[in-house]
Every structure is written in C-alpha cells, then in structure tokens.
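Structural features, examined
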Amino acid sequence: MANSKPLNHHPNSSSLLLFSLLFILSSLTAASKASPMCSQTDSGPVVPTPPLITFLERLQLTALNTYGSTNYDPKLYVDLSLKHNLSTTQLAFDNLPKSSTGSVSVADLNGFITSYFNGAGEELVYAEPPDFVPEPEGFLPAVENPVVREWALEVHKLWKNLSRRVDEGVFEHPELHTLLPLSKPVVVPGSRFREVYYWDSYWVIRGLLVSKMYDTAKGIVSNLISLVDEFGFVLNGARKYYTNRSQPPLLSAMVYEIYSRTGDMDFAKTSLPALLKEHNFWNSGFHSVTILDAEGCNRTLSRYYAMWNKPRPESSTIDMETASVLSNASEKQHLYRELASGAETGWDFSSRWMRNASDLTTLATTSIIPVDLNAYILQMELNIAFLANVTGDKITAAHFLEAAEARKQAMNSVFWNEEMGQWLDYWISDKTTCKDDYTWVASNQNRNIFASNFIPLSIESFNSDLELVEKVRQSLQKSGLIHAAGIATSLTNSGQQWDFPNGWAPIQHLIVEGLVSSGSKKAKSMAEDIAVRWIRTNYVAYKKTKAMVEKYDVEKCGELGGGGEYVTQTGFGWSNGVVLAFLEEFGWPKDLKIDC
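Residues numbered from 1 in each chain as written. Predicted model: local features only at pLDDT ≥ 70, side-chain atom pairs only at ≥ 80, totals over all residues. Heavy atoms only, no water.

Operational definition: UniProt positions are given in the numbering used here, feature names are shortened, and annotations may be inferred rather than shown by experiment.
In the annotation of an unreviewed UniProt entry, the chain is listed under the name Trehalase and assigned to Rhododendron griersonianum. If you open the UniProt record of the chain and go to Sequence similarities (unreviewed entry), you find "Belongs to the glycosyl hydrolase 37 family."

A closer look at the overall build of the chain
Note the cut-off: Helix numbers and strand numbers start at the N terminus; a helix is a DSSP run of H or I with at least 4 residues, a strand a run of E with at least 2. The atom set for the radius of gyration is the C-alpha atoms, and the globule formula is 2.2 Å times the number of residues raised to the power 0.38. Each residue is placed in one exposure class: buried if its accessible area under a 1.4 Å probe, protein chains only, is under 20% of its type's maximum, exposed if it is over 50%, and partly exposed if it falls in between. Only the protein chains shown count as cover for residues, and the accessible areas themselves come from Shrake-Rupley with a 1.4 Å probe. Charge counting treats Lys and Arg as positive and Asp and Glu as negative, with His and both chain ends excluded. The atoms used to mark charge sites are NZ of Lys, CZ of Arg, CG of Asp and CD of Glu.
A count of helical and extended segments in the chain gives 21 helices and 15 strands. Computed over C-alpha atoms, the radius of gyration of the chain comes to 23 Å, within 12% of the 25 Å expected from 2.2 N^0.38 for 596 residues, which places it in the range of a compact globule. By its C-alpha atoms, the chain is 70 × 60 × 50 Å across when sized along the principal axes. Going through the 596 residues of the chain one by one, you find that 61% of them count as buried. Per element, the accessible surface of the chain, about 22100 Å² overall, is 52% carbon and sulfur. Looking at charge distribution, the chain has the averaged site of its 52 positive side-chain charges lying 1 Å from that of its 66 negative ones.

Regarding the pattern of salt bridges
What counts is decided by this rule: The salt bridge criterion pairs a side-chain nitrogen of Lys or Arg with a carboxyl oxygen of Asp or Glu, the two atoms within 4 Å.
Tallying each qualifying case throughout the model produces 27 salt bridges. Its salt-bridge partner being K75, residue E195 comes within 2.8 Å of it at the nearest N-O pair. One end of the pair, E195, is in the loop between β5 (186–187) and α9 (198–210); the other, K75, is in helix α4 (residues 75–78), and 120 residues separate them in sequence. Grouping residues by exposure puts E195 and K75 together as buried. Among the salt bridges present, the one from E418 reaches K471, with a minimum N-O distance of 3.0 Å.

Focus on the packing of aromatic side chains
Let me state the cut-off plainly: Side-chain rings of Phe, Tyr and Trp, where Trp is taken by its six-membered ring, are said to pair if the distance between their centres is within 6.5 Å; with planes under 30 degrees apart they count as stacked, over 60 as edge-to-face, and otherwise as tilted. Charge over a ring is defined by NZ of Lys or CZ of Arg lying within 6 Å of the ring centre and within 35 degrees of the ring normal.
Summed over all chains, the structure comprises 35 aromatic pairs. Residues F281 and W282 carry aromatic rings whose centres are separated by 5.3 Å and whose planes lie at 85 degrees to one another, so their mutual orientation is edge-to-face. One exposure class covers both F281 and W282, and it is buried. One Lys or Arg, R352, reaches over the ring of W347 and ends 4.7 Å from the middle of that ring.

Comments concerning the confidence of the model for the chain
Short version of the rule: Residue-level confidence of the predictor is what pLDDT reports, using numbers from 0 through 100. It only takes one pair of heavy atoms within 4.5 Å for two residues to be counted as in contact.
Residues with a pLDDT of 70 or more make up 92% of the chain, whose mean pLDDT is 92. Note on residues 1–37: pLDDT under 50 across the span, and 81 contacts to partners over four residues away in sequence or across chains.

Side note on the sheet that holds β5
Put simply, the rule is: By definition, two strands form a pair when at least two bridges between them are found by DSSP.
Pairing is antiparallel across the open sheet formed by three strands, whose spatial order is β3-β4-β5. Edge positions in the sheet fall to β3 (124–126) and β5, since each of these pairs with one other strand and no more. The pairing of β3 with strand β4 (residues 163–166) spans three bridges and is classified as antiparallel. The residue of β4 that forms the bridge with Y126 is R164.

With respect to the nonpolar core
Let me state the cut-off plainly: The nonpolar core is taken to be a set of buried Ala, Val, Leu, Ile, Met, Phe, Trp, Tyr and Cys residues, with the residues joined through side-chain atoms within 4.5 Å.
Core analysis: the biggest nonpolar cluster contains 186 residues, and L59, F112 and L251 have the highest contact counts within it. Looking at which element gives the most residues to this core, the answer is helix α20 (residues 521–545), with 12 residues. For F112, the residues in contact, after removing those within four places along its chain, are F55, L59, T89, A92, F93, L96 and F117.

Some thoughts on helix α14 (residues 329–344)
Quick reminder of the rule: Expected helix span is computed as 1.5 Å times (number of residues minus one).
In this model, α14 (16 residues) spans 23 Å end to end at C-alpha, consistent with the 22 Å of a helix rising 1.5 Å per residue. Three or more residues of α14 are buried, namely H334, L335, Y336, R337, E338, L339, A340, S341, G342, A343 and E344. Following α14 by one or two positions, G346 has its phi on the positive side, about 85 degrees.

Comments concerning the side chain of R352
Our working rule: Any N or O atom pair separated by 3.5 Å or less is treated as a polar contact, with the protein-specific requirement of one donor-capable and one acceptor-capable atom, and with residues adjacent in sequence counted only for side-chain atom pairs.
Mapping R352 onto the fold places it in the loop between α14 and β8 (368–369). With relative accessibility at 0%, the residue R352 sits in the buried group. Polar side-chain contacts of R352 include one of 3.4 Å to the side chain of S452. The contact partners of R352, leaving out residues within four places of it in the chain, are W347, I368, P370, V371, D372, D425, W427, N446, F450 and S452.

Points about the state of the cysteines
As used here, a disulfide is simply a covalent bond connecting the sulfur atoms of two cysteines. Note the cut-off: When two cysteine sulfur atoms are found within 2.5 Å, that pair is recorded as a disulfide.
For the coordinates displayed, the defined rule picks out one disulfide. Here C557 pairs with C596 through a disulfide, and the sulfurs are 1.7 Å apart. Here the disulfide of C557 and C596 is left-handed, its torsion about the S-S bond being about -65 degrees. Taken together, the residues span a long stretch of sequence, with C557 in the loop between β15 (551–553) and α21 (573–586) and C596 in the segment after α21 at a distance of 39 residues. C557 sits in the partly exposed class, given a relative accessible area of 24%.

Let's talk about the side chain of E338
Among the structural elements, E338 can be located in helix α14. R337 provides the closest opposite charge to the buried, unpaired E338, separated from it by 6.9 Å. Of note is the side chain of E338, whose polar atom sits 2.6 Å from the side chain of T366. When near neighbours in sequence (up to four residues on either side) are disregarded, E338 contacts L363, A364, T365 and T366.

Focus on the pairing of strand β7 (residues 298–302)
With five bridges connecting them, strand β6 (residues 288–292) and β7 associate as antiparallel partners. In the sheet register, S288 faces β7, and the bridge partner there is S302. Between β6 and β7, which pair antiparallel and follow one another directly, the connecting turn spans five residues, one of which, G296, has a positive phi of 80 degrees.

Quick look at the environment of I369
Within the secondary structure layout, I369 lies in strand β8. According to the relative accessible area criterion, I369 is buried, its value standing at 0%. In the structure, I369 is positioned 167 residues away from Y202 in sequence and 23 Å away in space, judged by C-alpha atoms. Residues contacting I369, with those up to four places away along its chain left out, are V289, I291, L301, S302, N374, F415, D425, Y426 and I428.

Below you can see the structure in the form of structure tokens.
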C-alpha cells in the first residue's frame, strides 16, 4: 500500500512494466487457443527476479537441509536483510565448509546468518500512531455491555502493537532488502506477516475508521497508491518477491470508506488516477476474458493470473516439493503459475481452485473466472464513478457507470444460477478435452458451494433488489455454510486453510454487510445472528489465548482455524477490523452474554 521513490530493486521498472503489459497483450490471443493443462506450455508473462531474491532462495533451501522441516518457515529467509553487499555475502556463503553431500553444519550456518544478516522484520520499526488515543470520543456508543466494551478497547489498542514504519536504512540501501521502502507508517497483519498486505489493509482500515484513526488510514492508502504508481498495480504485499502478482482489488473501497467518513475532497481527487490505473490492470491482458453467453452476447469479465511460473520465493521449498511429483519442466512451470495465481486470489489455498480437492497439483486458478473478483471490480467501477462525480469529473463518472452496468449484466449472464440462488464461479477450460472453451455452457459453472458464491450481495447493484436478496438469503440459509461460530469458507475439508471448517473475517464481513445493506428485515436479522456468532468466537478465543488470530474454526466457538502451509498467525489486522466494524454496526446490549 505504499511508497515514495526508491523502489530500485530492478532498473527501469516503468519500462519493464510497459514491456510486460505489451507482452501480455501480444500473447493473449495465442494463450486463449490452448489449455495449459493439455499443451503443457506456459507463454504468460514473468517479471524479472532480482539477484537478491535468487540468493535468498538458495539460503532458504540450505536452511531446510540443515535445520530440517520442524518449525521451518521458508518466508523467514527471504525476509532477511543483508549487513554487507550481495557479492560479499554470496562469496562468504559459497565458502562455507560443506560435507561430501554438500550440506552445511548447523553451527556454520548459524554463524553465517548471524554475521551477514539482520533479523527478519528488523527493518520495520515500531511507530507510535499520532492519532491513537486510548478511548476515542464517540467510540462504539451502542456497545452497552461493560465486558464487551472493555474487550473492544483492548482490540482497539492492538493498532498500536501493529503499527510500524520502514527504517531509514531501507531507503538508503534498498539493494540490501526485500522490503519495499514505503514512506508512510504502516499497519501489518501480524506474526510472520511482517509487511503490508493488500486486501488485509481494507479491513484494517475499516477498523481504524471505527477507532477514529483517519490519518493512519489515509497513510495506508497513500502507501498503496505509491505501489500503483511504481508497478501499475497494488502488490500482494510490500516485498520485492511479491512484484509478480496482486491480491483482491479493494483499493477503491478503502478510498471510498475514508472519503465517506472524512469528506476529504483532496484525498479523493489525488487517489483517482491510481484507481484508474489499477482498473486497467485488472481489465487488460491475461486478466481479461470474454465469454460468448447463451444469448450470443460477448461478456467481458476478469480472472486471477500471476506474472510468474517459478516457485513463489516466500514458499520456494514448499512449491518445489509440491511440484516434485510432476514429470517435466513445463508441467512444473504451469503448476508454479497456478500456485502464484492462487496466492493472488487471497484464498491460498482452497479446493475452489482445484480439479481434485485432494491434490494440490491440480490447481487450475487461471482457468476459473471467479465470482468474488468480479464483484470487487464491479464495486471498484461504482466507487470510481462516485469519486469522479464528487470531484467534478462527470465524463469519467459516466464511463464507469456504464462499465459497472456491463459487468453486472456479465455477472448475471455468466455466474448467476437461478436454481441454486447463487452466483457460481465459471470454468473457461473444458475439463475433458484439450481446449479452452469461451462459449458459455451451463455445465462449466462450479456447482460446489463456497462462501464466495454470496459475495455479490455486498454490492448495491444486487442488494438493492429485495426479491433477489430474499432468494439469496434463503439459499445461504440452506447452504450448509452457516455454523455455530460463523460462515465456513466451503463445505470441503481438504486440509487447505481456505476450506472447511475455517472461517475468515473478510468473508463474514462481506456477506453480513451485504445482508444489512439490503434493507430487508429478514436479511438484517440473519446478518446480526452471523455477526454475534463471529464476535463471540473471537472473544472466547481471545480470552483463552490473549490474541486475535487470522482464522477460526466455525464448528466450535472459540477454536482457532488450521490447515495450510503455516501455523495460525496472531495479530491480527483483519480480525480486529471486522470485530470493531461489527460492534459499530450492531452494538452489544447490556444483557446479551458474550461467552459461548
């Protein structure tokens, strides 16, 4: 979410971006003619890898071989910063004593890391947020229960714990760091997520707005805009190894929410150019797909598509292990792009992106047009139209209202399933023959139930239709997703973290907000019930662990979520933000118990 000038991890990044965009456009036609699953070729864009990243991946692999897999987190090693220049560090690494099998001893590797690296995350230093006060004026007036109020103030206080600024050394010597030099203070998610993350920041900002921390929220957006200025899109996170992909695009929603609270016209006006640039990123090149629908109309929608076909640097050893069962290099390249694209979705990983829920090598993210991504871009188009209108740019406002209407029609045409009362992801790749099929057929809708099937309800274009809202509400009620502690992400227990029984704060918030915004009494009652369940599980878990965490088990109140590539993390930005947003929306009566 942020940056000033010194993003110098590779030269002429603007030229490289232009080259990449031109390459994407020129490759789109060829790529659309053959399924990667069948041709085993990978012709998509790949951004350059900085030499520092390449070296740190070598260190990461050596650490795994030396220390073993117990308590091993590959991300740690690509987050280290150098004490000396890269060539000196590489030479010392190459000169480490090695056994006949090429391994390095624990003592030698420990000594090398201590001598040549600063600790992971040390280049982000604590920053006291200037707009933090222990109890803001007008904070959560509808929370009447004193126990809940005390806890809400503890959650509010966590913004101080998660506030950082980039150390001056990153600006002075960017070549020694994988961290990107962001000029404004940041709020990190927590634990291993030491840097800014894109879609996490939307719910961080929603919480900051409840906490009346408007300047901190604006600073986060300023940081993200600087990334758009530098790269043409908001990166997955503020590290050099994230330049190959984005995350769910919620920058315009951040700007809209801040403007709605503050009425800051200059903020709205200066944000607009970045929003236009980001919209172009998601609506051009490999991200854009056109489907011929059942009425013979061309419908253009967006998909996730990372600019990468190698192991993700932050998970390099994990990805290589995943791909080791594949027989040739082109199959591995294809899987690596699917893994990176799965990370771009924010749902990394889920059976939603897999042809076989028990086999991660069947990831096919780029073959899917996702419901939620297009809902976010529809909201982006509506937000841009609104912001352009209030800042006096009527032409841009009219253009984006037209774009929003076209996307709404496309979503209804391609995603909507009347029988199920849900919007369903659409597979553009035929599952049985060697071709991508860009003509709509009903069987290409994914009829499995995911929480994402209900996310379009968060958009006014859909939640303003009360008949539609009731149909979707009934579908959600019968879906099997709603459990004792909130909404499950899916019905499939695959062992992946974005599957059952895990529930995640952003999903609860998007669906609840959609139900509330509709104005339907039944929908609002359902929304409040879900929010109460979610608040309770957060509270009970907090009292047990003294921490807010990134995900929860929706089957059992107060239980933490699990699965995936790493242990459940604490902090935690978006969980804090959603709890505060729910308490602001619904309050908490004095006589309503908070325990399970």
